[in-house]
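# Survey of secondary and tertiary structure
This is what each chain is made of:
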Amino acid sequence: MAQTPVTTDELETDDMQGLVARAYGNLPFARYLLCRIGDPAAARAWLGGVADQVFTAEQPGGTEPCLNLAFTWEGLRQLGLPESDLATFPRPLQEGMVTPHRSRVLGDFGASDPARWRWGGLSGDDAAIHVLLLLFAETEAALDQEHRRRRAAYGAGGALTELGEPIEGRLLPDAGREHFGFADGLSQPRITGWPARNRHSVHPPAPPAPAGFDDVEPGEVVLGYLDNFGKPAEGPTVADTPAANHLPVAPWAKGRRDLGRNGSFLVFRQLAQDVVAFRTAVQAASDATAARGRPLTPEQVGAKAVGRWASGAPLVQFPDHDPGEPGSNDFGYAEADVHGLRCPLGAHVRRSNPRDASETNPSATLESTRNHRILRRGRPYGAPMPEVSDPAAARADEERGLLFLCLNTDIERQFEFVQHTWINNPFFAGLNGEIDPVVGAHPAPCGPFTVPDAPVRRQIEGMSGFVATRGGAYLFLPGVRALRYLSTFPG
Amino acid sequence: MTQSVFSVVADVGPGRAAELAATLATIGAAPTSNTVLPFGRLGGLHFASLVLADGLERPKLIFESNVDGTVAGWLATLAADAGGGLDALFRGSPGYPGSGDPDRVQAWLAGRVVQPGAFHIGATGRTVGRIRQEQRLHDQIAGFLGAEDEAGRLQGLGQAEVRAQVQTFVRSEPSLAWAGAKPPPRESLRDKVGHRLRAAAVVATALVLAPVLVPVVAVGYVVLRAKERTDPVRQHPPEPAHIRRLEETEDLGVFEGVDGPRLLAQNHLSSVIPLKPGMFRAALLPLVLFVLNLLARIVFTKGKLGNIPSIHFAHWSLIDEGRHLVFLSNFDGSWESYLGDFIDKAAVGLTAVWSNTKDFPRTRQLVRQGAADGPRFRQWARGSQCSTQAWYSAYPELTMTAIDNNSAIREGLFTRLDDDGTETWLRRL
C-alpha cells in the first residue's frame, strides 16, 4: 500500500502549477484554449500523459513553452468525477459565473449581460466549457508549434475539442501596461513563506513592503494550507479509495482525501476595454475642469480615476506629477491621505485594495483587507490602440481588453467580494452613489466620480461604461498529484 | 424621539399557508405602494418585514416593525389605517377579531408583541421625517455647488467663502427654511441618563449579590465548558437550493422608484433558529441578550454596533416560548460584506448570542472561536437564515454612513466652526 502523504506547512511548489507562482511575463505570447471533453476515457488517457508535463511552480522560468490546465465543475463531471465528490466543490464552482445573483454582484448586465457573452455565458449546454488549456511561449511561432503539438495529443481519440477560436493574450509593447495606458498588476498579495526566487511577474520586482502590508497566508491562494483565519483552505475532497492514496488526507473531512491540495480556484474573465471612450471621457472631463477655472490635465484626470499615474506611481506618493516609474508599492492611505485629497476615495486602485484606509482604525482595516485579496495572473488581448486622429475610425478597429485571471481559494470571500463590496459598491468608503470610474458597473443610475479637493470636492461626470465582460468562467486549477488522480480514477 | 423596535408574532391560521404566501408575495413585490399593505402610506415607519417562519411546530408570521414613537402608537396607526392589510395577514389566526373593530385589533396585536432581547438602532433618535429632510438638504446643497462650479464661481475661493455661500444659499431657499432652526439632539438627555442609571443599577446589584453570583457563575462556567466540548456542530454546508432561494432577493442594488430605477443601498436578513436543548442555554441566552442590550444603549449609540457601521435596525428576540431565536437586520451592502464584518469586527458578541443555538460552530469560553471561524460561521449563518417574504425601507437609497453624514451637515450648518471644523464640514458636502 502506498504511503499516506503527510500534510505539512511546507509549500510543495513542485506539486503546484506554475500559474500559482508566476504570470509568465517572461513569455509574451499566451493562448487560452477553451475545450470540451468529447470522449471521457480518451480525455483521462490524455490527462494521464500530460499531467507530468504541466509547468510547475518549482521550475525556474525559461524560454521554453509552458502548459497549465484548469477544469470547470462541469468538465470534472464529464471526466467522470462522481457526484459525491463533485458536491464537495464550493458553490461558485458548482453554479458557475452566470447565475442571476452572481451577475448582479459582478456587474454583468447590459453590455456585459451573459446572454451576449462570446464564451462561458448562457448559450446552453453545447457551449459549456470543460477544460481550459493555458499555453505560454516566447514567440508566436513557438506558441503555434506548441499548440499543434498539444492538439495532436488531445485531438487523438476525441479527448478534447476546441470551442471556438483560441483566446490570444499579448503583452503590450510597453510591457506591464494595459490598454488604457496604465501600468497594471503592481499590487499583489505576497504568500507568506513563498521562496523569493519564485516571485516572477511581468514587472521588475517591487521593493519589498514591510511585513503585513501585502502578506497573506498561503491558504488564501493555495488550497489545503492555512488561510488568514488559521484554518486549512478547504477545497474539494474525494473518497478514500486506493486510487486516492497519493492524495493527502483532508483533515477537515473524515475518510476523505484532499483533491484541492496545491490547487487553486481560477477566475477567468474576458473584459473588453473601450479605449476611445475612456480617452474621450478623460479629455472631456479635463475640458470641463478648465472651463470651471479649476483645471486638471487629461493625465491628471486619468490618474485620479486610476489612483496611479500611467507609470504606476501611486498618487499617495506622487500627488502632483508622474515620476515616470512605478515607485514603491509600500504605501497606505490612513496616514498620508485618509480623506483622499491625493488619491480619491473612489479611485480604481483604492477600491481594488483599500489597504489601511480608515480614519479610526487603520490596522484593523488592513487586517480585514487582507482577507479579500486575489492573486492576479491576467494579461492584455488585442492589438495596441493605434494612434489615429479620427476616433470613429479607431472604434471600428478590432476589440481589445484585458484577460482577467486571478487565483483565490474562496471565490465569494475574495474575488466576488472585491467586485461587489469594493469595485461596484456605490457607497464604498462613505461615497454617495458612485462606482469605480474605470471598470465599475451598476444597474441603477449612479452619480459622478468624486474627487476630494480644497476648498470643496470636484465631481467628474461621464466616467463609466468603459469595460464590458465578453466571457468568463470559474475553474479549478488542480495540483499535479490531483491532475494525475483525475486521470486514473475509474470511469 | 423615542423609537421602537419589535415584532408581532402570530400563529398562521390553519390551512392558510399558501394563501398567506401569495399575499406576502404581493406585498413584497411593491412594499411601498401595494394594495394590500402599502407601507409607504404609514407615517413613522423606518423598516418593516414579513417573515413566514414555517420551520416551527406551528408556522408563525413574524411582522417586524422599526418605528418612531411607541409600540402602542404604532399599533394604533396600523389598526386605524391598515385594517385591510392586517386582515389579509392575520385572518384565521387564533382570536383575530377582524378590522371592523380597530380597538380590538389593536389589543389583539398588543397581545402578540414580542419585545427584542437586544436591539440596535443606527440612526439613534432621528425620525423618518428628519432623515429624509436632511437628505434633501444634502442634495440641494450638492446641486447648488454643482451649478456654482459649472459657472466657474468656485475658482479662487477659500473654504470659509464656500461655506458662507452655502449658508447664504440655504437661508435664501424657502424649502430649506427648517434648516435654520436648531436641530434636536440625536439622543435625549433623559434616555442618555436613564440608560446609564440602569447600567449602574445592574452593576451595583451584581456587586451586592456577588457572594451568591460568584459560585453560580463558577458552576455555570464548568457546565458551559463541558457543553462546548460536546455540543454538536454543523457538519454539512446548507443545500445549494436553499441559498439560491435566499439570493433571489439579496443584493438587488436597484429598486423601481416613481421615476425609474434607483439605487438600493440596503439588504435585509432574517434568521430563525432553535436553541440548543436544555435549561442551561434557555437561561444563559436571555442573560447574554440583556447584557448586550445594555451595551447597545450606552456604547453603541453613535451609529456603529461593535465596529460595524452599516446597521440601521437589528434585533434579536425569543419566540415560540423561548425555543427559537429570531434575528432581523436591516443593513447596508451585501450579505457577504455583512458576514465579513460579523467575522472581522463583532465575532465576540455574536458568538456569545448564537453559540446558544443549534449547530453553531465550536466555541470556547462562550465568546471565543465560533463566529471567528469564518467559513463555518458563514455556512451556519446561511443554514439558519430564512427568506424575507416582504421588506420595506423608508429610505432605500441611504446608507447609515450617509444618514450620519447628512445629520452632521445639518448640525454644523450654522454653528461657529474654526478652520479645521470648516474643512471637515466642507468634506461632508
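Residues numbered from 1 in each chain as written. Chains lettered and ligands numbered in written order. Predicted model: local features only at pLDDT ≥ 70, side-chain atom pairs only at ≥ 80, totals over all residues.

With that settled, consider the overall build of chain B. The number of helices and strands found in chain B is 15 helices and 14 strands. At 24 Å, chain B has a C-alpha radius of gyration in line with the 22 Å of a compact globule built from 429 residues. Its C-alpha atoms give chain B principal-axis dimensions of about 70 × 55 × 45 Å. When burial is assessed residue by residue, chain B has 42% of its 429 residues classed as buried. Of all intrachain contacts in chain B linking residues separated by at least 6 positions in sequence, the fraction that spans at least 24 positions is 74%. (Helix = DSSP H or I, 4+ residues; strand = E, 2+ residues; numbered from the N terminus. Rg over C-alpha atoms; globule rule 2.2 N^0.38 Å. Buried ≥ 20, exposed ≤ 12 C-beta atoms within 10 Å, placed from the backbone. Contact = placed C-beta atoms within 7 Å.)

Residues and elements named next belong to chain B. Burial of helix H12 (residues 347–354) is extensive: seven of the eight residues sit out of reach of the surface. Within H12, the full set of buried residues consists of Ala347, Gly349, Leu350, Thr351, Ala352, Val353 and Trp354. Among the structural elements, helix H10 (279–298), strand S9 (311–319), helix H11 (335–345) and strand S11 (363–364) are those in contact with the buried residues of H12.

Right, let's get into the environment of Ile141 of chain B. Residues and elements named next belong to chain B. Tracing the sequence through the fold places Ile141 in helix H5 (residues 128–150). Sequence separation between Ile141 and Val170 is 29 residues, and the spatial gap between their C-alpha atoms is 7.6 Å. Not counting residues within four places of it along the chain, the set of residues in contact with Ile141 comprises Val166 and Leu429.

Opposite the 38 residues of chain A that make contact, chain B presents 40 residues. For the side of chain A that touches chain B, the secondary structure elements donating two or more residues are helix H4 (91–95), helix H5 (100–106) and helix H13 (412–423) of chain A. Examining the composition of the side of chain A that touches chain B, we find that six residues originate from one element, H13 of chain A, more than from any other. For the side of chain A that touches chain B, a count of residues per class yields 14 nonpolar, 15 polar and nine charged. (Nonpolar A, V, L, I, M, F, W, Y, C, P; charged D, E, K, R; others polar.)

The subject of this paragraph is the confidence of the model for chain A. Taken residue by residue, chain A gives an average pLDDT of 91. The fraction at 70 or more is 92%. This stretch, residues 197–205 of chain A, has a pLDDT under 50; its non-local contacts, to residues over four places away or in other chains, come to 23 contacts. (pLDDT = per-residue confidence, 0-100.)

With that settled, the discussion passes to the nonpolar core. Counting residues in hydrophobic clusters, the biggest one holds 213 residues, and the most contacted among them are Leu132, Leu266, Leu407 and Leu475 of chain A together with Leu61 and Val353 of chain B. Sequence-distant contacts of Leu61 of chain B, that is, excluding residues within four places in its chain, are made with Ala10, Val12, Leu20, Leu50, Leu52 and Leu89 of chain B. Counting residues in hydrophobic clusters, the runner-up holds 11 residues, among them Val456 of chain A together with Val162, Val170 and Leu426 of chain B. (Core = buried A, V, L, I, M, F, W, Y, C linked by C-beta atoms within 7 Å.)

Residue and element names in this part refer to chain B. Taken as a whole, chain B is organised into domain 1 (3–115), domain 2 (120–125 + 209–393) and domain 3 (128–185 + 401–427). Taken together, the contacts link 27 residues of domain 1 with 21 residues of domain 2. Of the residues assigned to the side of domain 1 that touches domain 2, the class counts are 16 nonpolar, nine polar and two charged. (Domains from an automatic or database assignment.)

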